[in-house]
Amino acid sequence: MDLKKDIQQQFGKNADSYVSSPIHKDGKDLQKLLYMAALTGNEKLLDVATGGGAYS
């Protein structure tokens, strides 16, 4: 069993969709999220690896 290969097969096939998706690649959603979060500069972040990333 090759865990790395299994993970790449499961999630890699979706990565191109994130990169080419107008919603993700234009980044407008990211600015909206920043606005909604009302950031103060004291936040902590946990990356739970839920996607290909907006700027993969």
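This is a predicted model, so every value here is computed, not measured.

Thresholds, definitions, all that
Residues numbered from 1 in each chain as written. Predicted model: local features only at pLDDT ≥ 70, side-chain atom pairs only at ≥ 80, totals over all residues. Heavy atoms only, no water. Helix = DSSP H or I, 4+ residues; strand = E, 2+ residues; numbered from the N terminus. Buried < 20%, exposed > 50% of the residue type's maximum accessible area, 1.4 Å probe, protein only. Areas by Shrake-Rupley, 256 points an atom, 1.4 Å probe, with all protein chains shown as cover. Patch = residues over 30% accessible without salt bridge, like charges linked within 9 Å, V, L, I, M, F, W, Y side chains within 5 Å. Salt bridge = Lys/Arg side-chain N within 4 Å of Asp/Glu carboxyl O. Expected span 1.5 Å × (residues − 1). Bend = angle between axes of the 7 residues up to and from the residue.

## A look at the overall build of the protein
Item 1. When its secondary structure is counted, the protein shows 3 helices and 0 strands.
Item 2. Each helix (α) and strand (β) of the protein, taken in turn from the N terminus, gives the series α-α-α.
Item 3. By residue count, 4% of the 56 residues in the protein fall in the buried class.
Item 4. Element-wise, carbon and sulfur atoms account for 58% of the exposed surface of the protein, whose accessible area totals about 5,300 Å².

## Some thoughts on a nonpolar patch on the surface
Item 1. Nonpolar side chains collect at one region of the surface, where Met1, Leu3, Ile7 and Phe11 lie side by side and expose about 530 Å² of accessible area between them.
Item 2. Here Leu3 shows up in helix H1 (residues 3–20).
Item 3. In this structure Leu3 comes out as exposed when scored by relative accessible area, which is 54%.

## Let's talk about helix H3 (residues 28–37)
Item 1. With respect to burial, H3 is a largely exposed element, only 0 of its 10 residues being buried.
Item 2. Where H3 terminates, the next one or two residues include Ala38, which has phi positive at roughly 45°.

## Here's the deal with unusual backbone geometry
A negative phi angle characterises most non-glycine residues, just as the trans form characterises most peptide bonds.
Item 1. Even without glycine at this site, Ala38 takes up a positive phi of about 45°.
Item 2. Take Ala38: it is sitting in the segment after H3.

## A few points about H1
Item 1. For H1, which comprises 18 residues, the first-to-last C-alpha distance of 27 Å matches the rise-based estimate of 26 Å (1.5 Å per residue) to within 8%.
Item 2. The sharpest bend along H1 measures roughly 35° and falls at Phe11.

Don't take any of this as a statement about function, it's just geometry.
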